[in-house]
Amino acid sequence: MTDLEKHQRMANAIRFLAIDAVEKANSGHPGLPMGAADIATVLFTEFLKFDPTAPHWADRDRFVLSAGHGSMLLYSLLYLLGYEDFTLDELKNFRQLGSRTAGHPEYGHGAGIETTTGPLGQGLGNAVGMAIAERLQETRFGKDLVDHYTYVLAGDGCLMEGISQEALSLAGHLKLNKLIVIWDDNGISIDGKVDITDSTDQQARFAASGWNTLSVDGHDPDAIAAVIRQAQASDRPTLIAAKTTIGFGAPTKSGTAKVHGSPLGADEITATREALNWPHESFDVPSDVLDAWRISGLRSAQAHKDWQKRFADADAETRADFERRNRGDLPSGFAKAMLTYKKKIAEDQPTMATRKASEAVLGVINDVIPETIGGSADLTGSNNTKTAQTLPVTPSDFSGRYIHYGIREHGMAAAMNGMALHGGLIPYSGGFLIFSDYCRPSIRLAALMGQRVIHVMTHDSIGLGEDGPTHQPVEHYAALRAIPNLTFFRPADITETLECWQLALENRDGPSILALTRQNLASQRKSFEEGNLCAKGAYVLIDNEDEAAVTIFASGSEVEIAVDAHKDLTAEGIAARVVSVPSFELFEAQSDEYKSSVIGTSNVKIAVEAGIRMGWDRFIGTEGAFIGMHGFGASGPYKALYEHFGITKEAVVAAAKEKLGA
């Protein structure tokens, strides 16, 4: 058997596992796995560095299937290469409830899936983050411990999505030369030929952003190997335009949209088996082909052993630090440093915007957690995410800890996900809360994947003032609180800001957003408390010895209004209490007993927040009073805006009296 014949049989194993799984499920996308099988075979048998027996090896190459609809390509590879999470039974259970082989690759379902993909372009954005992480870690630990590539298989749709421009221009600027994107250039999308919707010269587009660009026949294994070697030698990231035929081998459906997202059908499968000389039953891979794949799976075993020796030869401190960072553990001195600063805050009682409070807290955090990597979407001076410890990352120097992402919110959020997935780093970044809309798909995926990424989102309300309604978040609190497994924090002062930062860093299983003010806020916590009160999500800030007639709930900057209203109510002889609500999500995680004690038994319940009411009925009921926004904001000085929209202590007092019938 010639090398070409062996290659074709190995590639056909991918094709027919994909065909058979999609057919059995009566659902899925066979076209991409069939068309890209030759590329995948060359990449995984000749180039990719990985070890199926140690799938989380830190120095493995990363492979990202950005075109996640072609998931059977990845699942077939993982089975053929010997990853124990992907058995033949799992492939037979494709797209069924509870299987590892979900419709699109889902991170955490099985080893070998590096990220959740499906929303097109996200995988490309994640891969940029992975490549950034590799460079950062290589600079810190040296090539003996960190020296790997990030490969992406992207489709036409990935390159059409707007996120691709943000991601590719950032990668080109940073000269991420160990990022290799293989474009499955098959010219077909769901609606038909790509040329009915797009006429972009993709290679010229990538080249314009500083990429090396190559092209290849995606069905010629020798040519594919040659261009991958060229890409590995490049001093820039590389796009390989691999011309393929979608549904390769299917006699009547190949090269058409019919093979993109539907099963081939029994007759076409029979004809495809004949056309590709694959006379085997459904899901049957001949022993010689499976053996060849399993041997390929062991190809990097020696490289892994060599790496383990180099790791063992490193000094004990380096080994311990490398392992701690990759486990995701925080340094032992973190909690003490936060407590020490918390005591100082209690003594000083500073008045400051929570964005400035965040900067002060970050100065402590970045001093004790060396793996934090900060950044901002061109809003560094507004977000206050840069501290003395975080020098800029530049194309020629990755020793810094601060990434200037530029005006690329979506690409930034996707890259942060990739950095977290890579391991060894804790990414955080800055933007305006209004532009969470630009980040939302990536934030949602961070929540779905359970990744620790932290978004500092400032200018969180009409309190930003003159920039007006285009920049003033109104519905955003509710919209972000709606995302499962995302913790949305809105701290009221510097102490709450510190506590929320601590909670965000200690949460290894999901992303966090810190919504922070532009305007100054007085310190509300008047004495030091060792416990983290924000960990409860809501807590009684001001209690009343008598049974309170009124309870005022508030978050963020409106806690100050609630406290001022409490003073006026007290002066008028109305017993009231104030509850600070920095996080709905953490509150819901508490015991029923605790939640009942915080909500209390007051006849009158009032919520104050410079957003919409949605979500607050949980605290105040449908009969409660809401002091907040009922539409979009306006342009003007922030104090005038609060007066104009009636978010004032006077409005709270008036609402309380009206409800009491006073």
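Let us look at the structure shown here. Quantities reported herein were computed from a predicted structural model and do not represent experimental measurements. (Residues numbered from 1 in each chain as written. Predicted model: local features only at pLDDT ≥ 70, side-chain atom pairs only at ≥ 80, totals over all residues. Heavy atoms only, no water.)

Strand order in the open sheet formed by five strands is β1-β2-β3-β7-β6, with parallel pairing between adjacent strands. What marks the edges here is a single partner per strand, and that holds for β1 (62-65) and β6 (212-217). Going from strand to strand, the sheet's axes swing by 20 degrees on average, the running direction of each strand aside. The pairing of β6 with strand β7 (residues 238-243) spans six bridges and is classified as parallel. Within β7, the position partnered with Asn 212 by the bridge is Thr 238. Most of the contacts of helix α9 (residues 221-232) go to β6, to which it runs at about 170 degrees, and overall it touches β2 (150-154), β3 (179-185), β6 and β7. (Pairing = 2+ DSSP bridges. Helix = DSSP H or I, 4+ residues; strand = E, 2+ residues; numbered from the N terminus. Axes fitted to C-alpha atoms, helices over the stretch in contact; angles between N-to-C directions. Contact = heavy atoms within 4.5 Å.)

Quick look at the packing of aromatic side chains now. Considering all chains together, one arrives at 22 aromatic pairs under this definition. Consider the rings of Tyr 428 and Trp 501, whose centres lie 5.6 Å apart with planes at 90 degrees: the pair is edge-to-face. Of this pair, Tyr 428 sits in strand β11 (residues 426-432) while Trp 501 sits in helix α20 (residues 494-506); the two residues are 73 residues apart in sequence, bridging distant segments of the chain. Both residues of the pair, Tyr 428 and Trp 501, count as buried. Where Tyr 477 meets Phe 488, the ring centres are 5.9 Å apart and the plane angle is 40 degrees; that geometry is what we call tilted. Taken together, the positions of Tyr 477 in helix α19 (residues 476-481) and Phe 488 in strand β13 (residues 487-489) put the pair eleven residues apart, joining distant regions of the chain. (Phe/Tyr/Trp six-rings, centres within 6.5 Å; stacked < 30°, edge-to-face > 60°. Buried < 20%, exposed > 50% of the residue type's maximum accessible area, 1.4 Å probe, protein only.)

The subject of this paragraph is the nonpolar core. Counting 112 residues, the largest nonpolar core has Ile 132, Leu 179 and Trp 293 as the members making the most contacts within it. Counting residues per element, this core draws most heavily on helix α1 (residues 3-25), which supplies eleven residues. Filtering out sequence-adjacent residues up to four positions away, Leu 179 remains in contact with Ala 127, Val 128, Ala 131, Thr 150, Val 152, Ala 171, Trp 211, Pro 237 and Thr 238. Ala 538, Tyr 642, Val 653 and Ala 655 belong to the second largest nonpolar core, which has 45 residues in total. (Core = buried A, V, L, I, M, F, W, Y, C linked by side-chain atoms within 4.5 Å.)

Here the focus is the sheet that holds strand β18 (residues 576-580). As summarised here, the arrangement of the five strands in space is β16-β18-β17-β19-β20, forming an open sheet in which the pairing is mixed. The sheet terminates laterally at β16 (539-542) and β20 (625-628), the two strands that pair on one side only. When strand polarity is set aside, the average angle formed by the axes of neighbouring strands in this sheet is 25 degrees. Bridge count between strand β17 (residues 550-554) and β18: five bridges; the pairing is parallel. Paired with Val 550 across the bridge in β18 is Ala 576. Its contacts with the sheet put helix α23 (residues 592-599) on β16, β17, β18 and β19 (604-609), and the angle it makes with β18 is roughly 130 degrees.

Bringing the pairing of β19 into the picture now. Put simply, side chains in a regular strand alternate between the two faces of the sheet. Buried residues dominate β19, accounting for six of its six residues. By the alternation rule, side chains of β19 split into Val 604, Ile 606 and Val 608 and Lys 605, Ala 607 and Glu 609, which are all buried. Pairing of β17 with β19 involves five bridges; the strand directions are parallel. Pairing of Ala 554 across the sheet is with Val 608, part of β19. Bridge count for β19 against β20 is four bridges, and the pairing is parallel. Paired with Val 608 across the bridge in β20 is Ile 627.

Structurally, Leu 379 is set in the loop between β9 (372-376) and α16 (380-383). The class for Leu 379 is buried, based on a relative accessible area of 17%. Ignoring anything within four residues of it in the chain, the contact list for Leu 379 reads Asn 384, Gly 431 and Phe 432.

What follows concerns the packing of helix α2 (residues 31-47) against helix α3 (residues 71-81). For the pair α2 and α3, the least separation of the axes is 10 Å and the interaxial angle reads 40 degrees. Comparing their axes, α3 and α2 come out oblique. The two elements α2 and α3 cross, and the hand of that crossing is right-handed. Seen from α2, the contacting residues are Leu 32, Pro 33, Ala 36, Ala 37, Ala 40 and Phe 44; seen from α3, they are Met 72, Leu 73, Leu 77 and Leu 81. When the residues that make up the contact of α2 with α3 are grouped by side-chain class, the tally is ten nonpolar, no polar and no charged. (Parallel < 35°, antiparallel > 145°, perpendicular 65-115°, else oblique. Left-handed = near helix turned anticlockwise from the far one by under 90°. Nonpolar A, V, L, I, M, F, W, Y, C, P; charged D, E, K, R; others polar.)

Right, let's talk about the side chain of Thr 115 for a bit. With respect to the helices and strands, Thr 115 occurs in the loop between α4 (88-92) and α5 (122-141). When residues no more than four places from it in sequence are discounted, the contact partners of Thr 115 are Val 64, Pro 105, Tyr 107, Asn 126, Met 130, Leu 421 and Met 449.

Evaluation of the coordinates by the stated rule reveals 35 salt bridges. Where Arg 60 meets Glu 114, a salt bridge forms, and the shortest distance between an N and an O atom there is 2.8 Å. Note that Arg 60 is positioned in the loop between α2 and β1 and Glu 114 in the loop between α4 and α5, a separation of 54 residues in sequence. The partner of Glu 359 in a salt bridge is Lys 356, with the nearest N and O atoms 3.0 Å apart. Of the two residues, Glu 359 and Lys 356 both sit in helix α15 (residues 354-368), three residues apart, roughly one turn of that helix. (Salt bridge = Lys/Arg side-chain N within 4 Å of Asp/Glu carboxyl O.)

Further remarks concern the packing of α3 against helix α11 (residues 287-297). Two elements in contact, α3 and α11, have axes separated by 7 Å at closest approach and are oriented at 85 degrees. Viewed along their axes, α3 and α11 adopt a mutual orientation that is roughly perpendicular. In this structure, α3 uses Leu 77, Tyr 79, Leu 80 and Leu 81 to contact α11, whose residues at the interface are Leu 290, Trp 293, Arg 294, Ser 296 and Gly 297. Class assignment for the residues of the contact of α3 with α11 results in six nonpolar, two polar and one charged.

Turning our eyes to something else, we now look at the state of the cysteines. Summed over all chains, the structure comprises zero disulfides. Left without a disulfide partner, Cys 158 is nearest to the cysteine sulfur of Cys 439, which lies 19 Å away. Exposure remark for Cys 158: the relative accessible area of 1% places this residue in the buried category. (Disulfide = S-S within 2.5 Å.)

What follows is about α11. Residues of α11 that are buried: Val 289, Leu 290, Ala 292, Trp 293, Ser 296 and Gly 297. Down the axis of α11, the sector holding all buried residues measures 155 degrees, keeping them to one side. Relative to its buried face, α11 has exposed residues pointing more than 90 degrees away, namely Ser 287 and Ile 295. Its buried side turned inward, α11 meets α1, α2 and α3. (Arc of directions from axis to C-beta.)

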